[in-house]
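# Coordinate inspection notes
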Amino acid sequence: MSGLTNPAGSSARRLVQRMLLALALGLAAVHLQGPVQAQQPAANAGSGGVLDKLRGMAGMQPETPQFLRVEQAFALRAEAVDAHTLVASFEPVAGYYLYRDKFAFALEQASGVAIDGVELPRGEVKDDPNFGRTEVFYRPVQAVIRLQRSALDAQPLVLQVQYQGCADAGLCYPPETRRFPLMLSAADGSAPAATASRLPGPPPDEGSRIAGMLSSGSTWLVLASFFGFGLLLAFTPCVLPMIPILSGIIVGRGHQVTRRHAFLLSAAYVIGMALTYAAAGVAAGLSGTLLSAALQNPWVLGSFALLFVLLALSMFGFYELQVPSALQSRLSSASNRLHGGTLWGVFAMGVLSALIVGPCVAAPLAGALLYINHTRDAVLGGGALFAMALGMGVPLLAVGLSAGSLLPRAGPWMQTVKNFFGVLLLGMAIWMVSPVIPTLLHMLAWAVLLIVSAIYLHAIDPLPHNAPGYRRLWKGVGVIALVVGVALLIGALAGGRDILQPLSALRPAVAGARQVEGPRFEKIASLGELERTLAQSGGRPVMLDFYADWCISCKEMERFTFTDPAVRARMDRLLLLKADVTHNNEDDRALLQRFGLFGPPGMIFFDAYGRELPGRVIGFQAARRFAASLDAILPPGS
């Protein structure tokens, strides 16, 4: 036996020896290979680099990282923002960076115009293997080029931009030079003050990067990515209200509903929502205004809330909503006993829900709208929005499948389930009109709904000693609803106006007690008012918050993010401005279009001179992430 060899042991020994050899050769290669230059990948394509040869000797596959072309790695645009100022905007792709001291600017074909100075923000200090300790930019950056003019007439010129960057993976690009033909407007002979009217176009943000992905990605990759975005957005407050709407519709069909029928109802709802989302998105991208924002008014919201009330009363058994019997029989036979009228009605409800229930703007939606607005490519942009809406509808399809299989087939339980969803629909009606009614009315409406529901759940009725467990459970739910409803009623009548803390008005004022309050904003109603305020910012950075009463994410930011102590401490270092675009009037639309926004929420940041900074925040951000966003734009030691 001792003369026999163990094949498994031999293989293991060979594998260990090969790994040790690869490690030794890899360490030796560090002294043989210097910084990788941009030309090396092409030169080594046939023979392989030193490390690749060593890996081959060790039986390992060579590593060949895929580097981007220089124009792909560093997006660059230039523009003349007024008669005395040019702006060059750079956006490195993730994993790539630009050297601050390698920027150079020159003018060509410019008569009577010279560069007076260039303003660049401070970079991130990096111990670079090629240039030692230096400043670099991993994030989007803007160079503001001030001009000195002796010729005041409007004239064309060419801006020459030189820059150099590297990739973290080891590739260093040679210096790159690009030229941009620009048109200077006529000057009046005096250097203008820094005001908002001279601000360059919006710097790249998350929405802009998504728009860029639409421009550069393959069609199927774009559609798959947006479907994934939809899945991530499916459980946000802008989509969750659709779940009780659809559930109520399915439950309203009664015990006759099957799993197949429930799934078809859900699919009709989701397709109606997705088609409307895509069509409204394309219209918004082409026009620059969200249609859903125009529908956020008392008449539309009140009508939709009334529809919910009618559906709820039908759930409670006051009447039945159905098409005339003659038409119903014809539709039934034509669609193999699937109520065609019902499917079209559910489709219509999906259309209305997409327009009215979910008007919030998130980064994927903003990116798609920006892409459509800039390229006028409604096919890919609309397809991306349709895919995103389908992703948002996946939980709704799951609701349909579960409702069709879990609903009781007949008996008193069916009416109990319908009563439950009737209460949910009444709650949806209250939530729907909450942006356009006073807080007092809002609190009283919830108080009445909860107290009446608690009475029907026998919250104040004694239970027999042998009551089954489910009755005890419902009584417990009723008691909780009664307590919350009474708290809302007392708080509203006592002057409280905080629906999450209804009894706060009864809390005694204790000397030195710390009250958690949000920061104070100065309201801005027009572009002219914004320009004047930025010009008089007193040397402080500025944050402009776009808000609307009907925007759920805006209220989340106010309630949970802005009140965080760490966020509040950072916001105290800013001049805080708020643009309330609730009414969507002409001034509101002008403000949104000025910054390329399609709706709230959106936070825009400016430096002390009124120039917009990179790092916009679009959509809701939790406190920790928003604090990091503020750290990125706040000057050190301010």
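Here, the structure is the one placed above.
Reference entry: report on the structure contained in this document. If you're wondering where the values come from, they're calculated on a predicted model, not measured in any experiment.

### Focus on the state of the cysteines
What we call a disulfide is simply a covalent bond connecting the sulfur atoms of a pair of cysteines. Summed over the entire model, instances satisfying the criterion amount to one disulfide. Between the sulfur atoms of Cys 551 and its disulfide partner Cys 554 the distance amounts to 2.5 Å. Handedness of the Cys 551-Cys 554 disulfide follows from its S-S torsion of about 85 degrees: it is right-handed. Judged by relative accessible area, Cys 551 falls into the buried class, the value being 0%.

### Concerning the sheet that holds strand E5 (residues 104–108)
The strands that make up a sheet pair up through hydrogen bonds in the backbone, lying either parallel or antiparallel. Across the sheet, which stays open at both edges, the three strands sit in the order E5-E10-E13 with antiparallel pairing between neighbours. Among the strands making up the open sheet, the edge pair consists of E5 and strand E13 (176–184). For this sheet the average axis-to-axis angle between neighbouring strands, irrespective of direction, equals 25 degrees. The pairing of strand E10 (residues 155–163) with E13 spans nine bridges and is classified as antiparallel. When the bridges of E13 are listed, Gln 155 appears paired with Leu 184.

### Observations concerning the pattern of salt bridges
Taken as a whole and judged by the stated rule, the model has 15 salt bridges. Residues Glu 108 and Arg 179 are paired through a salt bridge, measuring 2.9 Å at the closest nitrogen-oxygen approach. Here Glu 108, found in strand E5, pairs with Arg 179, found in strand E13; they are 71 residues apart in sequence, far enough to count as distant. By relative accessible area, which is 22% here, Glu 108 ends up partly exposed. On the basis of relative accessible area, Arg 179 is assigned to the partly exposed category, the value being 48%. The partner of Glu 119 in a salt bridge is Arg 611, with the nearest N and O atoms 2.8 Å apart. One end of the pair, Glu 119, is in strand E6 (residues 113–119); the other, Arg 611, is in the loop between strand E17 (602–606) and strand E18 (617–618), and 492 residues separate them in sequence. The class for Glu 119 is partly exposed, based on a relative accessible area of 32%. Through salt bridges with shared partners, one network takes in Glu 119, Arg 146, Asp 607 and Arg 611.

### Considerations on the packing of aromatic side chains
Per the counting criterion, the structure on display carries 15 aromatic pairs. Aromatic side chains Phe 74 and Tyr 173 sit 5.7 Å apart centroid to centroid with 80 degrees between the ring planes, which places their arrangement in the edge-to-face category. One end of the pair, Phe 74, is in strand E2 (residues 74–82); the other, Tyr 173, is in the loop between strand E12 (171–172) and E13, and 99 residues separate them in sequence. Considered together, Phe 74 and Tyr 173 belong to a single accessibility category, that of buried residues. In this structure, Lys 578 is placed above the aromatic ring of Phe 521, and the distance from its NZ or CZ to the ring centre is 4.2 Å. Taking the ring centre of Phe 595 as reference, the NZ or CZ of Arg 594 above it sits at 5.1 Å.

The rules behind each value
- Residues numbered from 1 in each chain as written.
- Predicted model: local features only at pLDDT ≥ 70, side-chain atom pairs only at ≥ 80, totals over all residues.
- Heavy atoms only, no water.
- Disulfide = S-S within 2.5 Å.
- Buried < 20%, exposed > 50% of the residue type's maximum accessible area, 1.4 Å probe, protein only.
- Pairing = 2+ DSSP bridges.
- Helix = DSSP H or I, 4+ residues; strand = E, 2+ residues; numbered from the N terminus.
- Axes fitted to C-alpha atoms, helices over the stretch in contact; angles between N-to-C directions.
- Salt bridge = Lys/Arg side-chain N within 4 Å of Asp/Glu carboxyl O.
- Phe/Tyr/Trp six-rings, centres within 6.5 Å; stacked < 30°, edge-to-face > 60°.
- Lys NZ or Arg CZ within 6 Å of the ring centre and 35° of its normal.

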